[in-house]
Amino acid sequence: MKRYLLLICLILITSKAFAEEVPEKFKNPIFNNILWSENYNLTNHMRLTPNYTYDLENPRGNYKTTYIAESDKAVLVKYYGEGFAKNNVSYELYFIHEKYYLSREKRYRCNVWQCIFDIKNGVFNPKYDISQNIYSSDLPCPDEKVEDLSIIGKPDPDCLEELRRLGWDKYITSEEKKK
């Protein structure tokens, strides 16, 4: 009887030690507050939490996510498709790209990029399966370079390069990831 009790205790202790804990809130408050869409054709202001993405414009656009990783300037979550897209998985990377100064309002704003890496039927093709969107936050950015408001002529950040720089490409499981 003591052996079984000892075995159960050992299993409980080791399972907690190896389980990745999902935080209640992200380290950076930007990812728990409103992210304002900078896409003027389609607004989808949102709030990202470790377990859920809330579309503040369309409640049917809310979806459950799985927490993967975070740093003080980036978050990676996983989303499983539903309905017709049930064989698809998306990894969504949100990262703080820069802060910029709004001269009319005399305040700074933070640019947050969303990169979506789609895996369709177990295959990831970086040429076609990365989409990106830009959001902004009214919360203060960590100290980053300050850019002016004009984005004309500036290159967009490279989503795959950012994922690799963070070392999070290891989380995307697909046969075609590294080709």
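Everything below is about the structure printed above this text.
Residues numbered from 1 in each chain as written. Predicted model: local features only at pLDDT ≥ 70, side-chain atom pairs only at ≥ 80, totals over all residues. Heavy atoms only, no water.

Moving on, we come to the pairing of strand S9 (residues 130–137). Pairing of strand S1 (residues 34–37) with S9 involves 2 bridges; the strand directions are antiparallel. Opposite Ser37, over in S9, you have Tyr135 as the bridge partner. As paired elements, strand S8 (residues 107–120) and S9 share 8 bridges and run antiparallel to each other. Bridge pairing in S9 links Val112 to Tyr135. (Pairing = 2+ DSSP bridges. Helix = DSSP H or I, 4+ residues; strand = E, 2+ residues; numbered from the N terminus.)

The subject of this paragraph is the nonpolar core. Ranked by size, the top nonpolar core spans 19 residues in total, and within it Leu76, Tyr91, Leu93, Phe117, Leu163 and Trp168 carry the most contacts. For this core, the secondary structure elements donating two or more residues are strand S5 (66–70), strand S6 (74–80), strand S7 (88–102), S8 and helix H2 (159–166). Excluding residues within four positions of it along the chain, Tyr91 makes contact with Leu76, Val77, Lys78, Cys115, Ile116, Phe117, Ile119, Tyr171, Ile172 and Thr173. (Core = buried A, V, L, I, M, F, W, Y, C linked by side-chain atoms within 4.5 Å. Buried < 20%, exposed > 50% of the residue type's maximum accessible area, 1.4 Å probe, protein only. Contact = heavy atoms within 4.5 Å.)

Turning our attention to H2. Those residues of H2 that sit buried are Cys159, Leu160, Glu162 and Leu163. In a view along the axis of H2, the buried residues occupy a sector of 160 degrees, so they form one face of it. Of the exposed residues in H2, the ones pointing more than 90 degrees away from its buried face are Glu161 and Arg165. Of the surrounding elements, those touching the buried residues of H2 are S6, S7, S8 and S9. The backbone nitrogen of Leu160 lies 3.0 Å from a side-chain oxygen of the residue at the head of H2, namely Asp158. Positive phi appears at Gly167, one or two residues downstream of H2, with a value of about 80 degrees. (Arc of directions from axis to C-beta. Polar contact = N/O pair within 3.5 Å; in protein donor to acceptor, adjacent residues only side chain to side chain.)

Bringing the state of the cysteines into the picture now. What the rule picks out here adds up to 1 disulfide. Note that Cys115 is cross-linked by a disulfide to Cys159, the S-S spacing being 2.1 Å. Residues Cys115 and Cys159 are joined by a disulfide whose S-S torsion is about -70 degrees; by sign, that bridge is left-handed. Of this pair, Cys115 sits in strand S8 while Cys159 sits in helix H2, placing them 44 residues apart in sequence. Accessibility expressed as a relative area gives 3% for Cys159, which makes it buried. (Disulfide = S-S within 2.5 Å.)

Assignment of secondary structure puts Lys73 in the loop between S5 and S6. Along the primary structure Lys73 and Ile96 are separated by 23 residues, whereas in three dimensions their C-alpha atoms are 5.5 Å apart.

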